[in-house]
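# Geometric and topological summary
Single-letter residue listing:
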Amino acid sequence: MLAQLREQILAGSAEEYLSRLFDRIDRSKLNAFTTLDRENALGQAREFDRSPRKGLMAGIPIAIKDGISTMGIETTCSSRILKGYIPPYDAHVIERLKAEGAIIMGKTNMDEFAMGTSTETSAFGPTRNPWDLQRVPGGSSGGSAACVAAGEAPCSLGSDTGGSVRCPASFCGVVGLKPTYGLVSRYGLIAYANSLEQIGPITRTAEDSAFLLDVIAGHDPRDSTSAPAAAKGRYLDGLDGGVKDLLIGVPDEYFGEGVDPMVEKAVWDSVSVLEGLGATWQRVSLPHTRYALATYYIIAMSECSSNLARFDGLRYGRRPGDDKDWHTTFSEIRSAGFGPEAKRRILLGTYALSAGYYGRYYLKALQVRTLIKQDFERALEKVDLLASATMPFPAFRIGERISDPLSLYMADIFTVPVNLAGVPAISIPCGFADGLPIGLQLIGRPFQESLLLRAAQAYQATTPHHLRTPEVA
Amino acid sequence: MDDVIIGLEVHVQLNRLSSKLFCGCSTDYHNDPPNSHTCPVCLGLPGSLPVINRKAVEFSIRVGLALNCRIEQQTMFYRKNYYYPDLPKGFQISQYDFPLATGGHIMIKGEDGERNIRITRAHMEEDPGRLVHAGTIDRAKYTMVDYNRCGMPLLEVVTEPDLRSPKEARAFLDKLRTILEYLDVFDGSLEGSMRVDSNISLAGGDRAEVKNISSFKGVEKALSYEITRQRNLRRRNIRVVQETRHFDELRNVTVSIRSKEEAHDYRYFPEMDLVPIRVADWVPNVQASLPELPDARRDRFREQYGISDDHAKSLTSEIKVADFYEQVASRTDPRLAAVWIADVLKGELNYRSLGIDRFSPDHMVEIVSMLASQEITEDGAVILLRTLLDRKIPSLVDTEKPGATKAGGQLSVRVCDLVGSLGLARAGDQAVRAAVRDAVAECASAVSDYRSGNERAINFVVGVVMKKTRGRASPAEAHRMVQEEIEKGS
Ligand SMILES: [Zn+2]
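Residues numbered from 1 in each chain as written. Chains lettered and ligands numbered in written order. Predicted model: local features only at pLDDT ≥ 70, side-chain atom pairs only at ≥ 80, totals over all residues.

## Quick look at the overall build of chain A
Check the secondary structure of chain A and you find 15 helices and eleven strands. Since a compact globule built from 473 residues should have a radius of gyration of about 23 Å, the 21 Å found for chain A is in line with a globular shape. Counting only C-alpha atoms and orienting by the principal axes, one finds that chain A spans roughly 70 × 65 × 45 Å. Within chain A, the fraction of its 473 residues that count as buried is 61%. Across chain A, the fraction of contacts at a sequence separation of at least 24, relative to all contacts at a separation of at least 6, is 77%. (Helix = DSSP H or I, 4+ residues; strand = E, 2+ residues; numbered from the N terminus. Rg over C-alpha atoms; globule rule 2.2 N^0.38 Å. Buried ≥ 20, exposed ≤ 12 C-beta atoms within 10 Å, placed from the backbone. Contact = placed C-beta atoms within 7 Å.)

## Some remarks on the overall build of chain B
A count of helices and strands for chain B gives 17 helices and 14 strands. In terms of overall dimensions, chain B is more spread out than a globule: its C-alpha atoms have a radius of gyration of 29 Å, far above the 23 Å expected for 490 residues. Seen through its C-alpha atoms, chain B measures out along the principal axes to roughly 95 × 60 × 50 Å. Across the 490 residues in chain B, those meeting the buried criterion constitute 40%.

## Structural notes on the interface of chain B and chain A
Between chain B and chain A, the contact holds 24 residues from the first and 30 residues from the second. The residue inventory of the side of chain B that touches chain A, partitioned by class, reads 15 nonpolar, four polar and five charged. (Nonpolar A, V, L, I, M, F, W, Y, C, P; charged D, E, K, R; others polar.)

## Here's the deal with the sheet that holds strand S4 (residues 156-160) of chain A
All names here are of chain A. With mixed pairing, eleven strands are arranged side by side in an open sheet as S1-S3-S2-S4-S6-S5-S10-S11-S9-S7-S8. Both outer strands of the open sheet, strand S1 (33-36) and strand S8 (280-284), are each paired with one neighbouring strand and no more. Strand-to-strand twist across the sheet, computed as the mean angle between neighbouring axes with direction ignored, equals 30 degrees. Where strand S10 (residues 425-433) meets strand S11 (residues 436-444), eight bridges bridge the pair, whose relative direction is antiparallel. Each residue of the ladder has a partner; that of Gly431, found in S11, is Ile438. Here helix H8 (residues 261-276) sits on the sheet and contacts strand S7 (247-251), S8, strand S9 (385-389), S10 and S11; the angle it forms with S10, its principal contact strand, is near 115 degrees. Contacts between helix H15 (residues 449-462) and the sheet are confined to strand S5 (175-178), S9, S10 and S11, with S11 contributing the most and set at about 145 degrees to the helix. (Pairing = 2+ DSSP bridges. Axes fitted to C-alpha atoms, helices over the stretch in contact; angles between N-to-C directions.)

## Some details on the nonpolar core
Nonpolar side chains in soluble globular proteins tend to end up buried together. One finds Ile62, Leu385, Leu442, Ala455 and Ala456 of chain A together with Ile341 of chain B to be the most contacted residues of the largest nonpolar core, which totals 244 residues. The biggest single contributor to this core is helix H9 (residues 292-307) of chain A, with eight residues. Residues lining this core come from more than one domain, with at least three contributed by each of domain 1 (4-286) and domain 2 (294-422) of chain B. With residues near it in sequence (within four places) discarded, Ile62 of chain A still touches Leu97, Ala102, Ile104, Met105, Ala153, Cys155, Ser156 and Leu157 of chain A. Ranked by size, the runner-up nonpolar core spans 20 residues in total, among them Val436, Val440, Val447 and Met481 of chain B. (Core = buried A, V, L, I, M, F, W, Y, C linked by C-beta atoms within 7 Å. Domains from an automatic or database assignment.)

## A few points about the packing of helix H2 (residues 166-182) of chain B against helix H3 (residues 216-235) of chain B
All names here are of chain B. The N-to-C vectors of H2 and H3 enclose an angle of 160 degrees; their axes lie 8 Å apart at closest approach. On the basis of the axis angle, H2 is roughly antiparallel to H3. For H2 against H3, the interelement crossing comes out right-handed. Contacts from Pro166, Lys167, Ala169, Arg170 and Leu173 in H2 reach Phe216, Val219, Glu220, Leu223 and Ser224 in H3. (Parallel < 35°, antiparallel > 145°, perpendicular 65-115°, else oblique. Left-handed = near helix turned anticlockwise from the far one by under 90°.)

## Details of the environment of Asp429 of chain B
All names here are of chain B. Within the secondary structure, Asp429 is located in helix H14 (residues 429-442). By C-beta crowding, Asp429 is classed as exposed, having 11 other C-beta atoms within 10 Å. Each C-alpha atom of the pair Asp429 and Ala473 lies 8.7 Å from the other, and the pair is 44 residues apart in sequence.

## Re the sheet that holds strand S5 (residues 101-110) of chain B
All names here are of chain B. In space, the nine strands of this open sheet follow the order S2-S5-S6-S9-S1-S10-S11-S12-S13, with mixed pairing throughout. The open sheet terminates on both sides in strands that have one partner only, identified here as strand S2 (70-71) and strand S13 (253-256). As paired strands, S5 and strand S6 (residues 113-126) are joined by nine bridges and run antiparallel to one another. Residue Ala101 lies in a different strand from S6, and its bridge partner there is Ala122. Helix-sheet contacts for helix H1 (residues 54-66) involve S2, S5, S6 and strand S9 (153-159), and the interaxial angle to S6 is about 165 degrees.

## Quick notes on the confidence of the model for chain B
Residues and elements named next belong to chain B. Across chain B, pLDDT averages 90, with 94% of residues at or above 70. The low-confidence segment residues 396-408, where pLDDT is below 50, has 17 contacts with residues more than four positions distant or belonging to other chains. If you check the scores for this complex, the pTM reads 0.90 and the ipTM reads 0.96. (pLDDT = per-residue confidence, 0-100.)

## What to know about the domain arrangement of chain B
Here chain B is partitioned into domain 1 (4-286), domain 2 (294-422) and domain 3 (429-489). Distance from the C-alpha centre of domain 1 of chain B to the C-alpha centre of domain 3 of chain B: 63 Å.

## Some points on helix H16 (residues 457-468) of chain B
Residues and elements named next belong to chain B. Between the first and last C-alpha of H16 there are 18 Å, a value that for twelve residues agrees with the 16 Å anticipated at 1.5 Å per step. Among the residues making up H16, those that are buried are Val461, Val462, Val464, Val465 and Met466. Check the buried side of H16 and you find it contacts H14, helix H15 (444-451) and helix H17 (475-489). A positive phi of about 50 degrees marks Arg470, the residue just after H16. (Expected span 1.5 Å × (residues − 1).)

## Section: the pairing of S13 of chain B
All names here are of chain B. In the sheet, strand S12 (residues 243-248) pairs with S13 via four bridges, with the strands oriented antiparallel. Paired with Asp248 across the bridge in S13 is Val253. Hairpin connection of S12 to S13: four residues between the antiparallel strands, including Asn252 at a positive phi of 60 degrees.

## So, the packing of helix H8 (residues 319-329) of chain B against helix H10 (residues 361-372) of chain B
Residues and elements named next belong to chain B. At a closest axis distance of 9 Å, the pairing of H8 and H10 adopts a crossing angle of 50 degrees. As far as their axial angle goes, H10 and H8 are oblique. You can see that H8 and H10 cross each other, and the crossing is right-handed. When H8 is examined against H10, the residues Phe324, Gln327 and Val328 are found in contact with a partner set consisting of Pro361, Met364, Val365 and Val368. Per-class residue counts for the contact of H8 with H10 are six nonpolar, one polar and no charged.

## Let's talk about the environment of Pro137 of chain A
Residues and elements named next belong to chain A. Relative to the helices and strands, Pro137 resides in the loop between strand S3 (103-108) and helix H5 (142-149). When the C-alpha positions of Pro137 and Ile346 are compared, they lie 25 Å apart, and in sequence the two are 209 residues distant. Aside from chain neighbours lying at most four places away, what touches Pro137 is Thr119, Thr127, Arg128, Asn129, Gly142, Ala145, Ala146, Pro168, Phe171 and Cys172.

## What to know about the pairing of S8 of chain A
All names here are of chain A. Sheet topology note: the S7/S8 ladder contains five bridges and is parallel. Across the sheet, the residue bridging to Leu247 is Thr280, located in S8. In terms of handedness, the path from S7 via H8 over to S8 forms a crossover that is right-handed. (Right-handed = clockwise from strand over helix to strand, strands pointing away.)

## What to know about unusual backbone geometry
For the peptide bond that leads from Gly139 of chain A to Ser140 of chain A, omega is 5 degrees, which places it in the cis range. Inspection of the secondary structure puts Ser140 of chain A in the loop between S3 and H5. Non-glycine residue Cys77 of chain A carries a positive phi angle of around 55 degrees. Positive phi values are uncommon outside glycine, yet Asn35 of chain B reaches one of about 60 degrees. Inspection of the secondary structure puts Asn35 of chain B in the loop between strand S1 (4-13) and H1.

## Overview of H3 of chain B
All names here are of chain B. The end-to-end C-alpha separation of H3 is 29 Å, in line with the 28 Å expected for 20 residues at 1.5 Å each. Looking at H3, one finds that the buried residues are Val219, Ala222, Leu223, Glu226 and Gln230. The buried residues of H3 all sit within an arc of 95 degrees when viewed along its axis, so they share a single face. In H3, those exposed residues whose orientation departs by more than 90 degrees from the buried face are Lys217, Thr228, Asn232 and Arg235. Against S1, H2, strand S10 (194-202), strand S11 (208-213), S12 and S13 lie the buried residues of H3. Positive backbone phi, approximately 60 degrees, marks Asn237, located one or two places after H3. (Arc of directions from axis to C-beta.)

## Topic: the environment of Ser36 of chain B
All names here are of chain B. Note on placement: Ser36 falls in the loop between S1 and H1. Among the residues examined, Ser36 registers 12 C-beta atoms within 10 Å and is labelled exposed. Separated by 112 residues in the primary sequence, Ser36 and Asn148 have C-alpha atoms spaced 6.5 Å apart.

In structure tokens form, the structure reads like this:
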């Protein structure tokens, strides 16, 4: 679709296409964007129409999660504390997009600092699910998924720390890819939990996901965890290779209690579809799955307590009122600037790293993380990829779970192990439950995104789910 | 002072590196406006990531090896979490478990002979920014932050509590500085390049930590004050409180820092934005490229040039002096050069607070050579040194060579010209003999005193000879000749 869109824009007008998107956003009830860079983006589109540039993304608009630094465009992580912060530099992925001719249309709403599964913790208010405005779009990249599902943007970038790309992709009925840790540079991604997160594309199709991944993946010397250039594949090549040679593992631990029966059925139906296309499947076990949530939250909160320490209002961001002495001013700015979920995670993370608790919590979590990683290594020795639901249930109602953090955390049960293991995973639409999209998660070996995308492409070639669009669109 | 126990934590800026520890910003900020050497990384802007300066790791390994440390197989970085305005990320990237270097030692000149001081560890970390108070720290209306220093590569060298006096602490620091300069990783002349925290206690007592002393003299003074304070407490049967104290350089006292601020839990945990470095693989190459270190050079000087151990030590305690000596010694009498550089030139430089780069090795070669061939006297040589250092060159020389200074601050003057214009050529034997004859004839009463047994009376006659020759005779020579002359006449 993006490839065709590029040709359409070249034949027609980038400005006209982009204006239509902005019109749609103006009429939208979703609240998917925190900032629209309308003037600039339209200016670039006009410029493009006058003298078309070359590039994979030439003239194509894209929406960017508000946690990714964009030079000259306010970047807040949907937090009050970063209100007014305009980065003086572009994230690596933004440089790559611009180099390929993409037009940044604006920044999308998210859970504050990517801490959430519903986009309800945003200081800008929740984003609504385009399939049912009373429901959440998922999170934390809720705005990025909702705008693509509703046709407000042809594609977007999100970031995935514990499912933040895949969860909203699942809830909004679009494709979300979490690349292998190290495949996409994190330079410019505002850190929530830096050992877990990756920037990933959100698109309508697997093909577009490959298209966008081709643009953003690759080595960046500014990110020390960035994989060598050789780890990057050519994701559009061989996309139509089919699944005949593939052995799919279905993890026992990802079914049963707590999983919506309609979701379970949709996953099994998907496995049958893949089987019908020539793949084989077998059951596998990921025995440490039950420790994944606790492990994830200890690591993520510990890292966030340190990552968010820099927000003191001194150099950038919000600095209300008069300065008093350092300690007072610092506490006042942080008390007023962070929302309750950010505070909760900073407090819990600080506790987990404290003298006397470090060994019991953080260090233990690192050890269990290794076990979980080994689960995936063992399973993926036997099978080529794993299939499960992305989320145990479809999108829930706004306000339904936000007051009960623990039940909200439970929703991440199938997504967080992937981040702990650092492996790649993709969520693709695989059905509907009472009109709400269901996501199928495919998990692969490190740096085998090509295989994931090939399977997703094969699936989408024979299923209609990704072609349905919500009524708001 | 056998009961004094001192351990040091020395923060050394690896300021011979051209870029900071985790970003590409230049380290050459000392003459530039505040916050002009910054970037998203060292300002800790959201989304920025650190990248290790590999040269800094190499420098640190160099120091580790020179301090006789073990280099870890693999080293890694940790975050040290605390909030302060000079720390833009809210944590400092430092090391914790698996520091780069552990378990070393160096020899220093102790209170009673050479002493071995054990090094616990040496680890890398980034320097925070610098706070600039508008006025004094307690009265300032506001404080400004300069992040130019932020991210400067630091090496923290921690000793075991092996030092037994402020003087030994000073000797350790001097030795450490010498080694760092030999390794070409450090320039001690730059402001804030070495900062010291010290732990000090009396045997059986609790220890106090004196933080952030920024000069070597300060270390001696702070420790001396602290010993006196702790002894006074002990005399009055008051326990020393284990606490952190600040050294007030103006008043020369240490003051307690409020315990609230000191109750730090730094919540160290691994810095996942950096990957562990297999430093063991680097060691063979770094080892092979290590320069000759002060102790080895001292031994070689003694053997190669046949000079005394004291001279060898004095000449090697600063790499520039040692290099200077070798330039001179290779072209003239090395023993005489040792004496004149170690005993005379260093003193004259010290007196003027000048570095050895202010004096030309060519001039030194000329002076030593003329001394060796007895063309000038020792007095004359001292006059030459002082004239060259003070640049009081007679106008004759100046007009002959307009613009008599070179870019390096060296005078382009030939010593032999200067000897001529200052009239310092040693008097010939004939002239001295004539002066001696005249002096003996003129000083009849002193001569008769001498003959009647007052040995010291001869000095008066020698003095007259020196006056007559305007110092161009050797006093010893003159003394011998006066003696001969008197005995001849008796
Ligand atoms: Zn910098």
